[in-house]
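Topology and contacts: notes
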Amino acid sequence: MKKILVTGAFGLVGSDLVPVLQKKYGKAHVFALGNKTITKDFDGTLVRGDVRAKETLARIVKQYKITDVYHLAGLLSVGGEKNPDLAWDVNISGLRNVLELARDYKLKVFWPSSIAAFGPTTPKQKTPQHTILEPTTIYGVTKLTGELLCQYYFNRWGVDVRSLRYPGLIGYQAPPGDGTTEYSVHIFYGLLKDGRYSCFLKKDARLPMMYIDDATRGTVALMDAPGKKISVRTSYNFAAINFTPAELVAEIKKLYSKFVCTYDPDPVKQHIAEGWPQSIDDRVARKDWGWKHEYNLSKMTKVMIAGLKKKLNL
Ligand code: AKB
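Residues numbered from 1 in each chain as written. Predicted model: local features only at pLDDT ≥ 70, side-chain atom pairs only at ≥ 80, totals over all residues. Heavy atoms only, no water.

A look at the packing of aromatic side chains
Scanning the model with the defined rule gives 12 aromatic pairs in all. Measuring from centroid to centroid gives 6.1 Å for Tyr-166 and Phe-238, while their planes differ by 40 degrees, and the two rings are tilted. Here Tyr-166 is found in strand β6 (residues 161-166), whereas its partner Phe-238 is found in the loop between β10 (236-237) and β11 (241-243), with 72 residues between them in sequence. By the ring-pair criterion, three or more aromatic residues cluster together here, those being Tyr-70, Phe-110, Tyr-166, Tyr-236, Phe-238, Trp-289 and Trp-291. Seen from the ring of Trp-157, Arg-156 lies directly overhead, with NZ or CZ sitting 4.4 Å from the centre. Over the face of the ring belonging to Phe-154 we find Arg-233, whose NZ or CZ atom lies 4.0 Å from the ring centre. (Phe/Tyr/Trp six-rings, centres within 6.5 Å; stacked < 30°, edge-to-face > 60°. Helix = DSSP H or I, 4+ residues; strand = E, 2+ residues; numbered from the N terminus. Lys NZ or Arg CZ within 6 Å of the ring centre and 35° of its normal.)

Given below as structure tokens:
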């Protein structure tokens, strides 16, 4: 039976992925690694540690007989620009530690890359799987480096590591992280708490996005796929929807006509957004292991509002 370690278990992806894995494999088989942020009433097996501490990770792997790692811990684009050294250390040293342990203990690994691995020289529309990768943020540099490390550990040591280039992910279980696409989560808090929101991107900043349930389903499907179906060992393009802040506002206004959104673009965040693709061609993932998204803009907006209302007791 699998024994699964999830690092970054209390972040945006982990908060939704851990319950999915607990349901599939049983609570006793899923170990949630937290460092600073740990959800108060977490229902499951909590282990504490920092992904930069290889010895701690090795102890956990041995003690709990871990077979699979979902290595989600990492800084995002905006947080990375605030502290590039920390971004490199957590995102790269952490990943190397996991890959080394995966080689030594024959672990299967999932690691998320991001649309941030692309850059201003990448084709912006329907960005192909294999294309120009010249990221300009430290976060993007760590994602591109990480993709190549994953491929290297697969080719050189046979480590079964699989990866997805996550677009902007939208969910309500965890508070929004320090990223660029995260305006699409903050906006729902603004809507429900104040009836208004001041957006840090321009109204026409189109970006690839995905509802979190699609992301967790796709992540588990990739990990479940037979190895012979995996043709990409850097990271798969992975897409669902794309929209601009104005389009999201229009969708929200269908349900809350009085909602007010103003625009006060932050130069750093807007610059990051302008360096990323607007839409992604993920046909390779669809062909290789049957990826298919389920949430469009309207469905995502409705579940976000209902879910966040419940979470905030409104
Ligand atoms: C960010 O905006 O930094 C992240 C991402 C797209 O990887 N959400």
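Digging into the domain arrangement of the protein
Considered domain by domain, the protein is made up of domain 1 (4-169 + 210-237) and domain 2 (173-208 + 241-279 + 295-311). Summarising the inter-unit geometry, the C-alpha centres of domain 1 and domain 2 are found 24 Å apart. Taken together, the contact pairs 28 residues of domain 1 with 23 residues of domain 2. Taken together, both faces of the contact between domain 1 and domain 2 bury some 2200 Å²; the carbon and sulfur share is 60%. For domain 1, the biggest contributors to the area lost against domain 2 are Val-78, Lys-124 and Tyr-211; these three give 28% of the whole. (Domains from an automatic or database assignment. Contact = heavy atoms within 4.5 Å. Buried area = accessible area lost by both parts, 1.4 Å probe.)

A few points about the sheet that holds strand β1 (residues 4-7)
Across the sheet, seven strands lie side by side as β3-β2-β1-β4-β5-β6-β10; this open sheet has parallel pairing. The open sheet terminates on both sides in strands that have one partner only, identified here as β3 (45-48) and β10. Direction of pairing for strand β5 (residues 108-114) relative to β6: parallel, over a ladder of six bridges. Each residue of the ladder has a partner; that of Val-109, found in β6, is Val-161. Contacts from helix α7 (residues 212-224) reach β4 (68-71), β5, β6 and β10 within the one sheet, and its direction differs from that of β6 by about 155 degrees. (Pairing = 2+ DSSP bridges. Axes fitted to C-alpha atoms, helices over the stretch in contact; angles between N-to-C directions.)

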